[in-house]
Protein chains: 2
Amino acid sequence: MTATTASSVPESVPTVDLAALRTLLDGEHAEIRDRCRAWLSEPENAPRPDLPLEEHRAQVLGWARELADAGETARGFPEEFGGRGQVGGAIAGFETLGFGDLSLLVKCGVQFGLFGGAVLHLGTRKHHESYLSDITSLRLPGCFAMTETGHGSNVQQLGTTATYDAATSEFLISTPDDAARKDYIGNAARDGRMAAVFAQLIVGGEPRGVHALLVPLRDDDNNVLPGIRIEDCGAKLGLDGVDNGRIWFDDVRVPRDNLLDRYATVSENGVYESAIENPTKRFFTMLGTLIQGRVSVCGASISATKVALAIAVGHAESRRQFGPPGEDEVVLMDYRTHQRRLLPALAKVYALHFAQEDVVARLHRVFTSDEDLDRERRELETLAAGLKAVATWHATATIQECREACGGMGYLKGNRFAALKADTDVFTTFEGDNTVLLQLAAKNLLTDFRDQLGELDPLGTASFFAGQVFETVAERSAMREVLTRLADDLLPGRDDQEDLASREVQLELLRWRSNHIRSGVARRLKGGIDGGREPFAVLLDCQDHLIAAARAYVDCFVLESFAVAIDRCPDPGARMLLDRVCDLYALSTIEADRGWFQEHGRLSSTRSKAVIKAVNTLCATLRPHATGLVEAFGIPETSLGDAAAVAGAAPRA
Amino acid sequence: MTATTASSVPESVPTVDLAALRTLLDGEHAEIRDRCRAWLSEPENAPRPDLPLEEHRAQVLGWARELADAGETARGFPEEFGGRGQVGGAIAGFETLGFGDLSLLVKCGVQFGLFGGAVLHLGTRKHHESYLSDITSLRLPGCFAMTETGHGSNVQQLGTTATYDAATSEFLISTPDDAARKDYIGNAARDGRMAAVFAQLIVGGEPRGVHALLVPLRDDDNNVLPGIRIEDCGAKLGLDGVDNGRIWFDDVRVPRDNLLDRYATVSENGVYESAIENPTKRFFTMLGTLIQGRVSVCGASISATKVALAIAVGHAESRRQFGPPGEDEVVLMDYRTHQRRLLPALAKVYALHFAQEDVVARLHRVFTSDEDLDRERRELETLAAGLKAVATWHATATIQECREACGGMGYLKGNRFAALKADTDVFTTFEGDNTVLLQLAAKNLLTDFRDQLGELDPLGTASFFAGQVFETVAERSAMREVLTRLADDLLPGRDDQEDLASREVQLELLRWRSNHIRSGVARRLKGGIDGGREPFAVLLDCQDHLIAAARAYVDCFVLESFAVAIDRCPDPGARMLLDRVCDLYALSTIEADRGWFQEHGRLSSTRSKAVIKAVNTLCATLRPHATGLVEAFGIPETSLGDAAAVAGAAPRA
């Protein structure tokens, strides 16, 4: 990455070639994105805000079948089972689907991502041959039956059991109590014929931990099979086109072959074997299949955020309210408060877009490589968890902000905000609760850290810790800040905004924060445990610190990805514009945590105020480009709802 | 107010008498609140999440009629028109209604608050005698037809006209274009028989600005009258039990008496007269009727926030997930992250409750006094606008946080979050958009400030500005912070948390911030305008600064109100608990803006970190009282939805 130094002057950026911007955004899967856009642009595929629940479900299934018939849903699967091996391409298509009805997106995610993914990644050749082409073609609608009423996040404690009966070579699937019923399972209430059921495997009386098995749910006429009870979860806050349900198993028998046995096998006479000896490691290896789901939800949340911003910017450019006496009223976009509401959020969605692209490329590499990329896989897991949390929270916050920025118009059901709000809401808690995911990411970071410490020679370790101690002392004695401030304040003529506009300075601030928080929490954990406290209690104590570490890591990664993406943009105009967008992302991120940067002597109070001023300046610089920046997303008109029409009705004074 | 000094030690607070806490919360209108609670507790009055739109509208009208028949809805009106003159009591009842279906709340707000309020406050005796008892009994359902498609916030630019025709002694009401159609008008689509229509009054060809007139919409058989066109706004993001509509007037004639003529009259032969000479002042005096609506929405948003917190705390106390190896899983409430999500929000809703009580008491005084309380009225307007913005944003953020804190369970429609989220969403933009309201509040603060400056003698003015300059110099040279930090860091044994627990220190920090921002923005505005810039451009430039001033003012007022309320609590146990809740509110408010406090030399970096630590400590101190604190709200079971039942299904490991 090169150091991009931006000027400090509130320069204006010339009009940008939107096609160049769009090309950069669409990246290598532009053609797949365009196919999906074309499909979404058909009027009959537009989101329909007022379908009753059952009609909505039927519509969503119909749409999914259409996509399957067109071959769009097999893309990510291996070629030998009718796919094209385009893991990254499949996610690009899924992301584009995120502009449309999000029930369809989630329905596809359940069928092709979770159910199909479980069979692909946890199953072996026999499962692939028997089921994959039926799954990708939607001839076999299925479920991913992991979550239970009693356990969502702590999957290791699931209550459902799968007990091997060597006499018949079958597994007995059982739901011991209502807490162990499968809950919120997509595709269960109406369409699912089979489920990948996660259960405690018991072989020869011995518990072997959570494993997945294929269990038929309904026959070809859609009748629920004996021993199975299914209840409809009914209406939800959103995503009503997805038929979530609850499932109970009453000693349901499935053949031995139904165990998805990539990581562990049970022989006919009941011998359990696994190449991964450590049961916890085995469990987390199996959970690795969730990575793709997280990356997909992350991408979808970015798309939904783009839709909200496109509607809000469109409204802000046409709606006039108040103005100088006797003159035309002013468009909302000219108000600084309005720029502050929309533009940093827009900059962040650009940043997240490029970070997501980076993660998808890593995912594609890890999932299609024949090598065992253990370290890369862990890094991917960290990024998938962390970015999903940051991006879905950004979606929730930005969609809300955009709704409010559209006033009463934004409250009408025809304007997509109702659906965007309701449908994306669950993104923050499904495919891993965000708070839990950030702790998972932090745990991984600390593992990396431990590895890194382990690799240092004893002298290196000592000097590493000495560095830490020195920093701590520097903070406590306030000398760092005093020196910084004196330098800031006493050198005449120094422009405080100038060096803040340097990408290297921005990156250095975010990197320093990430490293500092990470080493700080490592010290606290080590100190607590070395001091003899119960590890779980120590962990509880450091929980907010862990989450801060993961957030800081993600912020830093996002900025790095954005900077790299700009460097590869061939169009100088687009590059210049994106440089300012990237500045706004970086500085508004620093601004949001400027309390921390001051506490740690990394921003003087003067420079901290300069950050606020720089964000205002960047908002003004980018304001003329707001429309271009949202148009470059290439969102189909059909996805924008009635907003444009209503905004057009707003008059001049 | 006395200085309440709290200890710095993470003390435990003994179990508290919840009845004492509830008594304090319910205040002087406890009986009215209890009547409303009893009504809400009837199973047939419980919110029904799945009613189709038209049934929901019918249900809401039925409920409103029931309340009217029971005499509950006349309470705030003068006794001579069948009311009881209980302005504060009426708002207390309205607040309690906020625990239930919010469509009913808004329907009542439109009918009795806005429509009834317009007739009461803008009309004269003839209107009161003709209409008030029909309005409070709901025999005459009506609308408050102010907002138009083209103008929501900038009401002074409405397009609807009311032209006086001296030949017939009538007004002609007209909608010149679609931008001037009345929009989002509650009660219009289905039930309204009459509307208070805000229109540009034209008398003898001369425009006289916006005035309100009563215009019949439907006959007794509910047929829309000639010249009137009404369109249903249809489904909305939420509040579907309220029938919002659009109204066009095609030269509709109403008698001269239909002008609500408290502030301006038109004589039979067409002479316009008003006691308020300045048209802008006249306009804002008429808008004063909106104050009660804002205070009511504010109270309702606080109630909705309480419901969300009660559900989330209940879930957090029963739901277990993860734990030390081999032991029971831990309830969510024991996690620091979970405490951090819920407890500062809970502390803030306590603080807002008491601030609201204070504002309601002021409202009651201003609206029932015979004196002309001009200064008090302006202060009330400032507080009503500012607190409404802060409280409704707190509702939106907290309800979202609570939904997420309940995971998948929170996403089911039976659990109230769907309705709470959707219904309260518009609170941030109706009865005045929050961003606009904060600017209104800031403008009032600056007016007060100018008055205050005007009262100073020349020497006083000079020393006032000298003080400002000195502070600025102190900030810039960083010497204040350097000195503070040296004192903090070099004096051995100083406990940084200790003085943060002092109420006086907390108040001083919030007061200093409020005064500093206010005087800063005043200087900037004055500097810009004195420098010859166009006032509107200067205002745009300072917009975010203005909003910060209003927020800081509200934060300070809220803390002051909370502190005063604690002082009058007779129960020592409740007082001790509330003292800690108040600490948490104060310190989490300071924590949220610790970037600012450091920038302005009011917190050293060391003390800033101590604030974070103190918030963590307070969360741990209050954690055992979480259930008691939400139980004291006295929310009827029927308002909590299915959550309790589902939470009960969560098992132990």
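Above this text you will find the structure in question.
Rules used throughout
- Residues numbered from 1 in each chain as written.
- Chains lettered and ligands numbered in written order.
- Predicted model: local features only at pLDDT ≥ 70, side-chain atom pairs only at ≥ 80, totals over all residues.
- Heavy atoms only, no water.
- Helix = DSSP H or I, 4+ residues; strand = E, 2+ residues; numbered from the N terminus.
- Buried < 20%, exposed > 50% of the residue type's maximum accessible area, 1.4 Å probe, protein only.
- Areas by Shrake-Rupley, 256 points an atom, 1.4 Å probe, with all protein chains shown as cover.
- Contact = heavy atoms within 4.5 Å.
- Buried area = accessible area lost by both parts, 1.4 Å probe.
- Salt bridge = Lys/Arg side-chain N within 4 Å of Asp/Glu carboxyl O.
- Core = buried A, V, L, I, M, F, W, Y, C linked by side-chain atoms within 4.5 Å.
- Pairing = 2+ DSSP bridges.
- Axes fitted to C-alpha atoms, helices over the stretch in contact; angles between N-to-C directions.
- Patch = residues over 30% accessible without salt bridge, like charges linked within 9 Å, V, L, I, M, F, W, Y side chains within 5 Å.
- Lys, Arg positive; Asp, Glu negative; His and termini not counted.
- Charge placed at Lys NZ, Arg CZ, Asp CG, Glu CD.
- Least-squares fit on C-alpha atoms with pLDDT ≥ 70 in both.
- Expected span 1.5 Å × (residues − 1).
- Left-handed = near helix turned anticlockwise from the far one by under 90°.
- Nonpolar A, V, L, I, M, F, W, Y, C, P; charged D, E, K, R; others polar.
- Arc of directions from axis to C-beta.
- Polar contact = N/O pair within 3.5 Å; in protein donor to acceptor, adjacent residues only side chain to side chain.

## Re the overall build of chain A
What chain A contains, in helices and strands, is 24 helices and 11 strands. Counting only residues that meet the buried cut, chain A has 62% of its 653 residues in that class. Per element, the accessible surface of chain A, about 23700 Å² overall, is 52% carbon and sulfur.

## Describing the interface of chain B and chain A
If you look at the interface, chain B gives 87 residues, while chain A gives 87 residues. Taken together, the two surfaces of chain B and chain A that pack against each other cover about 7100 Å², and 54% of this comes from carbon and sulfur. For the pair chain B and chain A, the interface holds 10 salt bridges. Taking the shortest distance from any N to any O, the salt bridge between Arg403 of chain A and Asp425 of chain B comes out at 2.5 Å.

## Observations concerning the environment of Ala397 of chain B
As for its position among the elements, Ala397 of chain B is in helix α10 (residues 374–405). The spacing of Ala397 of chain B and Thr305 of chain B is 92 residues in sequence and 9.2 Å in space, taken between C-alpha atoms.

## Thoughts on the nonpolar core
The biggest cluster of nonpolar side chains holds 334 residues, and the ones touching the most others in it are Tyr350 of chain A together with Tyr350 of chain B. Here Tyr350 of chain A is in contact with Leu21, Leu25, Phe562, Leu578, Val581, Leu629, Ala632 and Phe633 of chain A, once residues within four sequence places are set aside.

## Side note on the sheet that holds strand β4 (residues 182–185) of chain A
Residue and element names in this part refer to chain A. Spatial ordering of the open sheet is given by β4-β8-β7, a layout of three strands whose pairing is antiparallel. The two strands at the open ends of the sheet, each matched to only one other strand, are β4 and β7 (228–232). Within the sheet, the average angular offset between the axes of one strand and its neighbour, ignoring direction, is 20°.

## As for a negative patch on the surface
Residue and element names in this part refer to chain A. A contiguous patch of negative charge on the surface is contributed by Asp370, Glu371, Asp372, Asp374 and Glu376. Counting through the fold element by element, Glu371 comes out in the loop between α9 (336–368) and α10 (374–405). For Glu371, a relative accessible area of 58% corresponds to the exposed category.

## Points about the pattern of salt bridges
Inspection of the entire model under this criterion finds 96 salt bridges over all chains. Between Asp541 of chain B and Arg336 of chain A there is a salt bridge, with its nearest N and O atoms 3.6 Å apart. Taken as a pair, Asp541 of chain B in helix α17 (residues 535–541) and Arg336 of chain A in helix α9 lie in two separate chains rather than in one. Taking the relative accessible area as the measure of exposure, Asp541 of chain B reaches 29% and is therefore partly exposed. According to the relative accessible area criterion, Arg336 of chain A is buried, its value standing at 16%. A salt bridge links Asp358 of chain B to Arg362 of chain B; the nearest nitrogen and oxygen atoms lie 2.9 Å apart. Linking Asp358 of chain B with Arg362 of chain B, this pair stays in helix α9 (residues 336–368), spanning four residues, or about one helical turn. What you see here is one network of salt bridges that share partners, running through Glu54, Arg57, Lys107, Arg190, Asp191, Asp232 and Asp243 of chain A.

## A short note on the relation of the copies chain B and chain A
Under the fitted operation, chain B is carried onto chain A by 0.0 Å of movement along the axis and a turn of 180°, and the coordinates agree to an RMSD of 0.0 Å. Such a combination of rotation and displacement between the chain copies is what one expects of a two-fold axis. Across chain B, the smallest distance between a C-alpha and the rotation axis is recorded for Gly595 of chain B, namely 1.8 Å. Both copies share a contact surface, since 100% of the interface residues of chain B are interface residues in chain A too.

## Structural notes on the sheet that holds strand β4 (residues 182–185) of chain B
Note on sheets: strands pair through backbone hydrogen bonds, and any given pair is parallel or antiparallel. All names here are of chain B. With antiparallel pairing, the three strands of this open sheet are ordered in space as β4-β8-β7. Of all strands in the sheet, those with a lone pairing partner are β4 and β7 (228–232), marking the two edges. Ignoring strand direction, the axes of neighbouring strands in this sheet form an average angle of 20°. Of the pairings in the sheet, the one linking β7 to strand β8 (residues 245–249) comprises five bridges and is antiparallel in character. Note on β8: the bridge partner recorded for Ile228 is Phe249.

## Focus on α9 of chain A
Here α9 of chain A is 33 residues long and its end C-alpha atoms lie 47 Å apart, about the 48 Å a rise of 1.5 Å per residue gives. For α9 of chain A, the buried fraction is high: 25 of the 33 residues fall into the buried class.

## What about the packing of helix α17 (residues 503–530) of chain A against helix α20 (residues 572–592) of chain A?
Residue and element names in this part refer to chain A. Between α17 and α20, the shortest axis-to-axis distance is 10 Å and the interhelical angle comes to 35°. Here α17 runs over α20; the crossing is left-handed. Residues Arg503, Gln506, Leu509, Leu510 and Arg513 of α17 pack against Asp579, Cys582, Asp583, Ala586, Leu587, Thr589 and Ile590 of α20. The class makeup of the residues in the contact of α17 with α20 is six nonpolar, two polar and four charged.

## Description of unusual backbone geometry
The bulk of non-glycine residues show a negative phi, and the bulk of peptide bonds are trans. Residues and elements named next belong to chain A. Non-glycine residue Leu138 carries a positive phi angle of around 70°. Of note, Leu138 is situated in the loop between α6 (125–136) and β1 (142–145). Positive phi values are uncommon outside glycine, yet Asp251 reaches one of about 50°. Locating Asp251 in the fold gives a position in the loop between β8 (245–249) and β9 (252–255).

## Digging into the side chain of Thr424 of chain A
Here Thr424 of chain A lies in helix α12 (residues 417–425). Overall, Thr424 of chain A belongs to the buried group, its relative accessible area being 2%.

## A closer look at helix α7 (residues 279–287) of chain B
All names here are of chain B. Within the sequence span of α7, burial applies to Arg282, Phe283, Met286 and Leu287. Taken end-on, α7 shows its buried residues confined to a sector of 140°, consistent with a single buried face. For α7, the elements touching its buried residues are α5 (102–122), β6 (206–216), β11 (272–273) and α8 (290–318). The backbone nitrogen of Thr280 lies 2.8 Å from a side-chain oxygen of the residue at the head of α7, namely Asn278.

## Points about the side chain of Glu148 of chain B
Residue and element names in this part refer to chain B. Residue placement: Glu148 occurs in the loop between β1 (142–145) and β2 (161–165). According to the relative accessible area criterion, Glu148 is buried, its value standing at 1%. In terms of polar contacts, Glu148 uses its side chain to reach the backbone amide nitrogen of Gly159, at 2.7 Å. For Glu148, the side chain forms a polar contact with the side chain of Lys182, separated by 3.0 Å. Once residues within four sequence positions are removed from consideration, Glu148 is found in contact with Leu158, Gly159, Thr160, Ala179, Ala180, Arg181, Lys182, Asp183 and Phe198.

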